[in-house]
Amino acid sequence: MVLKDSHLLLGVTGGIAAYKSVELLRLLKKAGANVHVAMTLAALQFVGKATFEVLSENQVLTDLWKDTQSSVTHIDIATSVDAALVAPATANFIGKLACGIADDALLTTMLAVTSPIMICPSMNTDMYQNIRVQRNLDILEQDGIHIIDPDAGVLACKTVGTGRLPEPWFLLDRLCAVMAPKDLLGKKVLITAGPTLEAIDPVRYISNHSSGKMGYAIARAAEKRGANVTLVSGPVSLNPPVGVDCIRVESCDEMGRAVFSHLEAADIIIKVAAVADYRPVDTRVLKIKKSIDSKALTLPMTENMDILKQVGKLKTEDQFLVGFAAETNDLERHALIKMKKKNLDMIAANIVGADDSGFKTDTNKVKLFLKDGSSKDIPLMDKEKVAHILLDTIIEQTG
Ligand code: PMT
């Protein structure tokens, strides 16, 4: 969301990882950014200028004397961008930027950038760990520049160690975090997501269709906005969001224990998880065998703890509690009953069972109901966008 219609400077320096910048540029464009690319002469040895020109739909800056439409093109770019990122950033570039040297088009442009800067070092492990390179990175960090640590793995020089440029999706994610407003800075947000899984025997269980997408989207959005996020997640196939403390659980019982152990510290609690209301009375140690004599099987069930209801009882005046309601009918009536019964500050009600909303989908249609009687309709949109609107509403309510 934060990249839509933004203006960015993508700097590319001369490392083998320059090929990843092409994909990064593609992702930035897909997210709606207008991107100006500046390359060092060494970068041109790895990837052609034409590739960046075609993908960015802008002239690529490599030479202050040849590529500029006016004598101050680099200044126009530097002052118009909402953020600048350099990926990959070589030791040479890092050293010169730390010293304020401006001996090529990229460095000259970078020195005039006043918006947030993100630098992504990538090089051989010994070079990266070299005390002089680390000192230069420290200088840049102290100057307020965001440094993205390289990954570890097999490097182009055939050694194994730290120095790999992280994958483009990760760099995109971190750039969004750099650019997002930090309106949740200092807040502790506790989120639950996904289904719970209640074991019948060692091979079977009762669960539901929650994919975790809605809860994970809220965790990602809150982290980008500066919150300290703990995500208690039922079994899902999603990767833990970057920068989030993700606690994996299976059953309602485990989810409850994880929630209660983090409850006291939380400022905002958002319960998105689809928790099983019932579980088998006892989990069999051995697999239940198919009966030859009987066509029916009765499974005695018992009620699970209602985690949200318990949290509603324990919450303090300073804590803001949000529940979700998954309904197939009478959305408003059911949501309001749940909000009252569970002592919530807000409930996010969504109709489930549609092709584009509720379980598993990438989009959701939600109505927010607040304790003061007001409500807010969130029309069908990406769960990522729903997450930001939900957080906007919480921030409005908590001041
Ligand atoms: O994960 P996705 O595929 O993206 O789908 C998202 C979603 C549809 C699961 C999500 O948007 C949603 O609606 N989550 C709540 C689902 C649900 O279980 O609703 P409920 O009406 O059964 O429960 C109401 C609230 O009580 C929920 O906040 C739930 O977390 C909580 N609860 C319920 C039962 C229980 N034993 N303990 C609880 O804490």
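Criteria and thresholds
- Residues numbered from 1 in each chain as written.
- Predicted model: local features only at pLDDT ≥ 70, side-chain atom pairs only at ≥ 80, totals over all residues.
- Heavy atoms only, no water.
- Helix = DSSP H or I, 4+ residues; strand = E, 2+ residues; numbered from the N terminus.
- Expected span 1.5 Å × (residues − 1).
- Buried < 20%, exposed > 50% of the residue type's maximum accessible area, 1.4 Å probe, protein only.
- Arc of directions from axis to C-beta.
- Contact = heavy atoms within 4.5 Å.
- Phe/Tyr/Trp six-rings, centres within 6.5 Å; stacked < 30°, edge-to-face > 60°.
- Near = heavy atom within 4 Å.
- Polar contact = N/O pair within 3.5 Å; in protein donor to acceptor, adjacent residues only side chain to side chain.
- Areas by Shrake-Rupley, 256 points an atom, 1.4 Å probe, with all protein chains shown as cover.
- Nonpolar A, V, L, I, M, F, W, Y, C, P; charged D, E, K, R; others polar.
- Domains from an automatic or database assignment.
- Buried area = accessible area lost by both parts, 1.4 Å probe.
- Salt bridge = Lys/Arg side-chain N within 4 Å of Asp/Glu carboxyl O.

**Section: helix 8 (residues 131-142)**
- For helix 8, spanning 12 residues, the distance from its first C-alpha to its last is 16 Å, which sits close to the expected 16 Å at 1.5 Å a residue.
- When we look at burial in helix 8, the residues that qualify are V133, N136, L137 and L140. What you see down the axis of helix 8 is that its buried residues fit within an arc of 100°, all on one side. Set apart from the buried face of helix 8 by more than 90 degrees, the exposed residues are I131, R132 and Q142.
- Residues of helix 8 that are buried sit in contact with helix 5 (91-99), strand 4 (117-121), helix 7 (125-129) and strand 5 (146-147).
- Directly after helix 8, the chain includes G144, whose backbone phi takes a positive value near 95°.

**Considerations on the packing of aromatic side chains**
- A complete count under the given rule lists one aromatic pair for this structure.
- Aromatic pair W169 and F170: ring centres 5.9 Å apart, planes at 80°, arrangement edge-to-face.

**Looking at the site of the ligand**
- The immediate surroundings of the ligand are formed by 29 residues, with S210, S211, A273, K338 and N350 found nearest.
- Within the backbone of M214, an N or O atom sits 2.9 Å from an oxygen atom of the ligand.
- Within the backbone of V272, an N or O atom sits 2.8 Å from a nitrogen atom of the ligand.
- Contact with the protein chains covers 96% of the free accessible surface of the ligand, which is 780 Å².
- For the shell around the ligand, the elements supplying multiple residues, two or more each, are helix 10 (213-224), helix 12 (307-314) and strand 16 (320-327).
- It is strand 16 that provides the largest number of residues to the shell around the ligand, a total of four residues.
- For the shell around the ligand, the per-class residue count stands at 14 nonpolar, seven polar and eight charged.

**So, the domain arrangement of the chain**
- When its domains are assigned, the chain resolves into domain 1 (7-179) and domain 2 (188-284 + 299-398).
- Taken over C-alpha atoms, the centre of domain 1 sits 39 Å from the centre of domain 2.
- On the side of domain 2, four residues touch domain 1, which itself brings six residues to the contact.
- Counting the surface domain 1 buries against domain 2, the share from its top three residues, D173, R174 and A177, is 68%.
- In this structure, the connection of domain 1 to domain 2 is made through two salt bridges.
- Of the charged contacts, one joins D173 and K224 as a salt bridge, the two residues approaching to 2.9 Å between their closest N and O atoms.
- Joining domain 1 to domain 2, the criterion identifies two residue pairs in polar contact (both at pLDDT 80 or more).

**Section: the pattern of salt bridges**
- The tally for this structure, following the rule as stated, stands at 23 salt bridges.
- Across the pair R26 and E23 runs a salt bridge whose closest N-O atoms are separated by 3.0 Å. In this pair, R26 and E23 are both assigned in helix 1 (residues 18-30), three residues apart and thus about one turn of the helix distant.
- Since its relative accessible area comes to 32%, E23 is described here as partly exposed.
- Each of D173, R174, E223 and K224 takes part in salt bridges that share partners, so that together they form one network.

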